[in-house]
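Remarks on the overall topology
Chain by chain, the residues:
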Amino acid sequence: MERIAVIGSGKIGTAIIKSLKRAFPEQEIIATSRKEETMRKAKELGVYTTLDNDYAVSKSEIVILSVKPQHLPEVVRQVNRERWSGRKVISVLAGVRTETLSKLLPNSIVFRAMPNVNAEIGKSTTAIAESKHGEKQVVERIFKTLGTVYWIPEELLDVWTALIGSGPAFVAEILDAMALGAVACGMQREQAYDAILDMVQGTVENLRVHERHPIMLRDLVATPSGTTIRGLMTMEEEGIKAGIIKTILSANERSSKIGRDIESTLLRDET
Ligand SMILES: NC(=O)c1ccc[n+]([C@@H]2O[C@H](COP(=O)([O-])OP(=O)(O)OC[C@H]3O[C@@H](n4cnc5c(N)ncnc54)[C@H](OP(=O)(O)O)[C@@H]3O)[C@@H](O)[C@H]2O)c1
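Residues numbered from 1 in each chain as written. Predicted model: local features only at pLDDT ≥ 70, side-chain atom pairs only at ≥ 80, totals over all residues.

**Brief notes about the site of the ligand**
By nearness alone, 29 residues border the ligand, and G8, G10, S33, K35 and A94 come closest of all. Where the shell around the ligand is concerned, the elements lending two or more residues are α1 (11-23) and α4 (72-78). Residues belonging to the shell around the ligand are distributed by class as follows: 11 nonpolar, 13 polar and five charged. (Near = placed C-beta within 6 Å. Helix = DSSP H or I, 4+ residues; strand = E, 2+ residues; numbered from the N terminus. Nonpolar A, V, L, I, M, F, W, Y, C, P; charged D, E, K, R; others polar.)

**Examining the sheet that holds strand β1 (residues 4-7)**
Here eight strands make up an open sheet; going across it, the order is β3-β2-β1-β4-β5-β6-β7-β8 and the pairing mixed. In this open sheet, the two edge strands, each paired with only one partner strand, are β3 (48-50) and β8 (147-152). Strand-to-strand, the axes of this sheet are offset by a mean angle of 25°, without reference to chain direction. Most of the contacts of helix α6 (residues 136-144) go to strand β7 (residues 124-129), to which it runs at about 165°, and overall it touches β4 (62-65), β5 (88-91), β6 (109-114), β7 and β8. (Pairing = 2+ DSSP bridges. Axes fitted to C-alpha atoms, helices over the stretch in contact; angles between N-to-C directions. Contact = placed C-beta atoms within 7 Å.)

**Section: α1**
For α1, with 13 residues, the first-to-last C-alpha span of 19 Å sits near the 18 Å given by 1.5 Å per residue. When α1 is considered as a whole, its buried residues turn out to be I12, G13, T14, A15, I16, I17, S19 and L20. In the core, the buried residues of α1 are packed alongside β1, β2 (29-32), α2 (36-43), β4 and α6. (Expected span 1.5 Å × (residues − 1). Buried ≥ 20, exposed ≤ 12 C-beta atoms within 10 Å, placed from the backbone.)

**Details of α6**
Among the residues of α6, V139, I142 and F143 are the ones counted as buried. Taken around the axis of α6, the buried residues stretch over an arc of 90°, which confines them to a single face. Taken together, the buried residues of α6 touch α1, β5, β6, β7 and β8. (Arc of directions from axis to C-beta.)

**Digging into the nonpolar core**
In this structure, A5, V6, I16, I64 and V89 are the most contacted members of the largest nonpolar core, which totals 50 residues. Setting aside residues no more than four positions away along its own chain, A5 makes contact with I30, T32, A56, V57, S60, V63 and I64. (Core = buried A, V, L, I, M, F, W, Y, C linked by C-beta atoms within 7 Å.)

**Side note on the pairing of β5**
The two faces of the sheet receive side chains in turn, since in a regular strand these alternate between them. Burial of β5 is two-sided: the residues K88 and I90 facing one way and the residues V89 and S91 facing the other way are all buried. Two elements, β4 and β5, share four bridges in a ladder whose sense is parallel. Looking at the pairing, L65 lines up with S91 of β5. In the classification by handedness, the crossover that spans β4, the intervening α4 and the parallel β5 is right-handed. The pairing of β5 with β6 spans four bridges and is parallel. (Right-handed = clockwise from strand over helix to strand, strands pointing away.)

**Focus: the pairing of β2**
Residues I29 and A31 point to one face of β2 and I30 and T32 to the other, with burial holding for every one of them. Pairing geometry for β1 and β2, over four bridges, is parallel. The residue bridging V6 from the neighbouring strand is A31, located in β2. Between the parallel pair β1 and β2, the chain is carried across by α1, and the sense of this crossover is right-handed. In terms of strand pairing, β2 meets β3 through three bridges, oriented parallel. Directly across from A31, in β3, lies its bridge partner T49. Following the backbone out of β2, through α2 and into the adjacent parallel β3, one traces a crossover that is right-handed.

**Some words on unusual backbone geometry**
The phi dihedral of E211 is positive, around 50°, even though this residue is not glycine. On the basis of neighbour count, E211 is assigned to the exposed category, with 7 C-beta atoms found within 10 Å. The phi angle at S225 is positive, at roughly 60°, despite the residue not being glycine. Relative to the helices and strands, S225 is located in the loop between α10 (214-221) and α11 (227-237). A count of 6 C-beta atoms within 10 Å places S225 in the exposed class.

**A word on the domain arrangement of the chain**
Each assigned domain of the chain is listed here: domain 1 (4-154) and domain 2 (167-250). A separation of 36 Å is found between the C-alpha centroids of domain 1 and domain 2. (Domains from an automatic or database assignment.)

**Concerning the environment of Q137**
Mapped onto the elements of the fold, Q137 is located in helix α6. Here the alpha-carbon distance between Q137 and V171, two residues 34 residues apart in the chain, equals 31 Å.

In structure tokens:
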């Protein structure tokens, strides 16, 4: 692939670099950051590093933007406006629409992707916003090194951020609650935790192998007068299902709000 600049070598930037290097060891990458310490860590991944975003963009045909949204104005100021022309720019920033990015990065070919933290182990579930531009293959090629890729309409990226971006944290919280329940019943935490991870992995595989709806699996386990139906009644009484639905709704609302706030700041700075 053409040379890639990764602007912002933090958690997600580093995960992208690692996956790209694993899949394409010869891939040329220029990574940037603000701090020397971050740059030193990126260098260990076998990439060229610099604190100079303008230089990185000038030397690369593909630019991955992986700074926090609030740091985007700084990046825009640091890079000569002419540099963006003709560059394929892929943003993983939450909330910032391609329309806004296109205004900020003149004449660039902008794509938006939303990976998740599982990119660390090559198991991200990444959405890429559908685009009228050609060049889709190169974007897909990059993100397939991180895991699975779904093309979705851009207006669904907020719910994607809530469901799949924040999702690992919600799942982690549920797993922790289950482990605490086991501890409350007298089980050792470590053993409970290992068993829970195995059980969840098995459940996911079972659903996939049998192409079952979750409700079918639930009804298979919930035998008359058994333990499962008792537990399910408690879940109903405690409003767990409604709580989870509301969790996704509220995270989705927050994602849209962050996007709107960032956009108004970015566009105000621009004018
Ligand atoms: N973490 C996730 O699970 C995840 C998932 C999907 C999307 N995202 C998106 O990915 C972006 C980064 O998130 P993150 O979690 O990776 O954050 P992070 O760990 O804080 O990384 C951000 C990096 O950007 C660097 N940076 C800030 N300003 C810069 C500048 N002007 N020039 C060059 N580098 C600069 C920082 O460098 P220093 O260390 O030198 O300060 C830092 O390493 C966010 O926009 C987020 O919405 C994150």
